[in-house]
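These are the residues of each chain, in order.
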Amino acid sequence: MKHLIAKSGDIAEGGRIVRDVAATTVGVFRVAGQLYAYENTCPHQGGPVCQGLLIPRVEEKLNAARGAEGFRFDETDPRLVCPWHGFEFSLTTGCHPGSAEIRLTAFEVTEEGGMVYVGV
Ligand code: FES
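Residues numbered from 1 in each chain as written. Predicted model: local features only at pLDDT ≥ 70, side-chain atom pairs only at ≥ 80, totals over all residues. Heavy atoms only, no water.

## What to know about the overall build of the protein chain
A count of helical and extended segments in the protein chain gives 0 helices and 11 strands. Sequence-ordered secondary structure for the protein chain, helices as α and strands as β, is β-β-β-β-β-β-β-β-β-β-β. Principal-axis analysis of the C-alpha atoms gives the protein chain an extent of 55 × 30 × 20 Å. For the protein chain, the residues scored as buried account for 35% of the 120 residues in total. Pairs at least 24 residues apart make up 45% of the contacts formed inside the protein chain by residues separated by at least 6 positions. Put simply, the protein chain shows about 6800 Å² of open surface, and 50% of that area lies on carbon and sulfur atoms. Separation of charge centres in the protein chain, based on 11 positive and 15 negative side chains, amounts to 2 Å. (Helix = DSSP H or I, 4+ residues; strand = E, 2+ residues; numbered from the N terminus. Buried < 20%, exposed > 50% of the residue type's maximum accessible area, 1.4 Å probe, protein only. Contact = heavy atoms within 4.5 Å. Areas by Shrake-Rupley, 256 points an atom, 1.4 Å probe, with all protein chains shown as cover. Lys, Arg positive; Asp, Glu negative; His and termini not counted. Charge placed at Lys NZ, Arg CZ, Asp CG, Glu CD.)

This is how it looks when you write it as structure tokens:
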């Protein structure tokens with residue numbers, strides 16, 4: 001069922017909202033103009049994952065000999081870090097980087113007429 005969750009202006013680029021919808025709590029995020037909605041329940045032990053830290057994806061830079069040369073940050077695939085035990089999830093896929101089977105519960109999210117709706 002489709003529920004109004006926010007006005008478009010409530011979710012700035014790189015921002016989020018976390019609100020109760022129906023019988024659950026949903027986090028809606030805007031990344032590169034695209035909206036993503038996830039249940040605010042971590043698949044590890046049920047922590048409030050949508051309220052966690054948002055960080056860029058960290059990649060290790062390797063030289064031709066595969067030696068480490070520091071790190072770089074990829075802003076196009078932000079990571080959401082659960083505040084309870086630090087499990088990390090891609091905001092664009094909802095998946096844990098180590099296992100696609102460990103994933104957030106995603107909801108359909110649409111934006112129409114300056115309003116944001118989620119299907120819960
Ligand atoms: S409950 Fe989220 S990492 Fe444990």
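## Observations concerning the sheet that holds strand β4 (residues 34–39)
An order of β1-β11-β10-β4-β3-β2 is seen for the 6 strands of this open sheet, with the pairing classed as antiparallel. Where the open sheet ends on each side, the last strands, each with one partner, are β1 (2–7) and β2 (16–21). The sheet shows a mean angle of 30° between the axes of neighbouring strands, taken without regard to direction. Both strand β10 (residues 106–112) and strand β11 (residues 115–119) contribute to a ladder of 5 bridges, which runs antiparallel. Looking at β11, one finds that Glu112 is bridged to Met115. (Pairing = 2+ DSSP bridges. Axes fitted to C-alpha atoms, helices over the stretch in contact; angles between N-to-C directions.)

Scope: geometric values only; no functional claims are made or implied.
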